[in-house]
Structure formats: structure tokens, C-alpha cells
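# Coordinate inspection notes
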Amino acid sequence: MEQKPARVRIVDAAHALMLSIGLARTTTKAIAKAAGCSEAALYKYFANKEELFVTVLEERLPKLGSLLGRLLTEGVGNPERTVEENLTDIAREAALFYEETFPMAASLYAEPQLKARHEDILRGLGTGPHKPIQGLDRYLRAEQEAGRVSAGADTYAAASLLLGACVQRAFAYDMSPDRKPPQPLDAFATGLARTLLGGIAVRS
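This structure is a prediction, so every number in the text was calculated from the model and none was measured.

## Looking at the packing of helix H4 (residues 49-59) against helix H7 (residues 112-124)
Packing of H4 against H7 brings their axes to within 9 Å, and their N-to-C directions diverge by 65°. One way to sum up the angle between H4 and H7 is to call them roughly perpendicular. Of the two possible hands of crossing, H4 and H7 adopt the one that is right-handed. Seen from H4, the contacting residues are Glu50, Phe53 and Val54; seen from H7, they are Arg117, His118, Ile121 and Leu122. When the residues that make up the contact of H4 with H7 are grouped by side-chain class, the tally is four nonpolar, one polar and two charged.

Written out as C-alpha cells, the structure is:
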């Protein structure tokens with residue numbers, strides 16, 4: 001059987017380690033070993049662990065960022081898709097995204113210096129946990145301009161509420177005694193979108 005390219009093996013190994021032991025304890029040395037290559041080979045593709053983390057988010061996790069970008073270019077004012085349907089898709093994808101990222105990033109909060117370094121590097125890469133909120137805010141503002149969201153709605157607050165609920169679902173899932181989601185994913189996404197839209201929809 002043909003071996004996967006080195007870059008693919010490195011990203012796969014990083015994903016598996018970050019999920020199993022957390023981002024704080026995952027080292028480039030351990031990633032390289034799991035990928036069957038040297039650290040020098042790893043650094044040919046990635047400048048540091050943070051760049052690898054961002055790559056894992058973009059290439060191995062649910063595509064929240066690309067969904068938000070697609071809705072901004074194709075979903076705004078689209079008569080074939082309601083705002084509620086779009087928000088339901090976002091809630092579903094975001095819940096899955098945070099369900100995977102929560103166990104990866106949670107370990108950073110026990111290491112303040114490591115967390116600060118991580119955040120500095122992410123800032124330099126032009127990314128961070130604020131990006132999905134900004135993306136959803138842009139989408140809602142565009143729908144506001146298209147007349148499908150109330151002119152008086154606070155779109156940033158609405159984006160924060162929706163994505164905050166998805167983060168909380170990941171936290172509640174992880175901490176529940178039987179480790180089962182408090183609500184099936186589809187029911188959660190549908191209910192969240194409908195409830196949020198109830199506060200920002202255009203009144204007839």
C-alpha cells in the first residue's frame with residue numbers, strides 16, 4: 001500500500017494527537033514521530049505548532065469558515081433559502097466544529113504562558129476564535145441590508161449568541177455524566193436558529 005505524502009501524514013498525526021492529549025501537551029516532536037518523519041521534515045511544511053493547528057481546523061474539521069463565506073456570497077437574499085435555513089446550517093456546522101475544537105484547545109487554559117504565546121502567533125497569522133463571530137456578523141448584516149433581518153437587530157450580538165450556544169453545547173456534551181449530547185444535533189440546530197430568528201426577524 002502506497003504511503004500517504006508527508007504533509008498529509010503530519011496533519012493527520014497532529015489532528016489525532018491534539019484530539020487525544022490536547023493542544024498544550026502536543027509537541028512538534030511527537031507529531032513528527034507519529035507521522036513517521038523527522039522534525040526537520042515537519043518544519044519544511046509548517047513554521048510552528050500553531051500553524052499546524054490552524055491547518056487542522058481548516059482541513060480536518062467541519063468547514064464552518066467556508067460555509068460562512070459561501071453564504072455571504074451565495075446565500076444573502078437567496079429566495080430559495082430562508083435565513084432560518086441558513087442559520088440552521090450554520091448552527092449544525094458550528095456545533096460539530098466546536099465539539100472537536102473544545103477538547104483540543106481546553107488544555108491551553110491551564111497554561112497561561114503557553115496560551116498567550118498561542119494567541120500571539122494566531123494573531124500574527126490573522127486568525128483566531130473571533131473569526132467565526134465576525135463572519136456570521138457579516139452574513140447577518142448583509143441579510144439586514146437585503147431586508148431579511150430587522151433593521152434594528154444587533155447582528156454582532158445575534159452572531160455571538162448563536163455561536164456561544166454552540167460552544168456551550170460542546171462544553172455541556174463533554175461534562176455530562178453519560179457523555180451524550182443534551183439534545184440531538186438536528187433538533188438543537190433547528191431550535192437555536194428558530195429561536196434566534198424570533199428576535200431578529202423582520203416584523204410584518
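More follows now that the structure is in view.
## Some words on the pattern of salt bridges
Within the structure shown, the criterion is met by 14 salt bridges. With a closest N to O distance of 3.2 Å, Asp89 and Arg92 form a salt bridge. Taken together, the positions of Asp89 and Arg92, both in helix H6 (residues 83-105) and three residues apart, correspond to about one turn of that helix. Take Arg92: its relative accessible area is 24%, and that puts it in the partly exposed class. Linking Arg123 and Asp120 is a salt bridge whose minimum nitrogen-to-oxygen distance equals 2.8 Å. Of the two residues, Arg123 and Asp120 are both situated in helix H7; the distance of three residues between them amounts to about one turn of the helix. Look at Arg123 and you get exposed, because its relative accessible area is 55%. Salt bridges sharing common partners tie together Lys4, Arg7, Asp12, Glu59 and Arg60.

## With respect to the nonpolar core
Within the largest apolar cluster, 53 residues are counted, with the highest numbers of intra-cluster contacts made by Leu87, Ile90, Leu136, Leu140, Leu162 and Cys166. In terms of residues, this core owes the most to one element, H6, which gives nine residues. In contact with Leu136, other than residues within four places in its own chain, are Leu68, Leu87, Ile90, Ala159, Leu162 and Leu163.

## As for the packing of aromatic side chains
What describes a pair of aromatic rings is the distance from one ring centre to the other and the angle between the planes of the rings. Taken as a whole and assessed by the stated rule, the structure comprises one aromatic pair. Relative to Tyr98, the ring of Phe97 has its centre 5.3 Å away and its plane inclined at 75°; by these criteria the two rings are edge-to-face. Exposure remark for Tyr98: the relative accessible area of 12% places this residue in the buried category. One Lys or Arg, Arg169, reaches over the ring of Phe188 and ends 5.2 Å from the middle of that ring.

## Let's talk about the layout of surface pockets
The computed volume of the largest pocket comes to approximately 1000 Å³. Lining the largest pocket are 34 residues, with Leu57, Phe97, Gly128, Pro129 and Pro132 sitting closest to its centre. At the level of secondary structure, the elements contributing two or more residues to the lining of the largest pocket comprise H4, helix H5 (64-75), H6, H7 and helix H8 (131-145). Tallying contributions element by element places H5 first for the lining of the largest pocket, with six residues. For the lining of the largest pocket, the per-class residue count stands at 18 nonpolar, nine polar and seven charged.

## What to know about the side chain of Asn48
Locating Asn48 in the fold gives a position in the loop between helix H3 (39-45) and H4. Under the relative-accessibility criterion, Asn48 is labelled buried at 17%.

About the cut-offs
- Residues numbered from 1 in each chain as written.
- Predicted model: local features only at pLDDT ≥ 70, side-chain atom pairs only at ≥ 80, totals over all residues.
- Heavy atoms only, no water.
- Axes fitted to C-alpha atoms, helices over the stretch in contact; angles between N-to-C directions.
- Helix = DSSP H or I, 4+ residues; strand = E, 2+ residues; numbered from the N terminus.
- Parallel < 35°, antiparallel > 145°, perpendicular 65-115°, else oblique.
- Left-handed = near helix turned anticlockwise from the far one by under 90°.
- Contact = heavy atoms within 4.5 Å.
- Nonpolar A, V, L, I, M, F, W, Y, C, P; charged D, E, K, R; others polar.
- Salt bridge = Lys/Arg side-chain N within 4 Å of Asp/Glu carboxyl O.
- Buried < 20%, exposed > 50% of the residue type's maximum accessible area, 1.4 Å probe, protein only.
- Core = buried A, V, L, I, M, F, W, Y, C linked by side-chain atoms within 4.5 Å.
- Phe/Tyr/Trp six-rings, centres within 6.5 Å; stacked < 30°, edge-to-face > 60°.
- Lys NZ or Arg CZ within 6 Å of the ring centre and 35° of its normal.
- 1 Å grid on protein atoms, 1.4 Å probe; cavity = no way out; pocket = protein on both sides within 12 Å on 5 of 7 lines; lining within 4 Å.
- Points joined across faces, edges and corners; volume = space filled by probe spheres on them.

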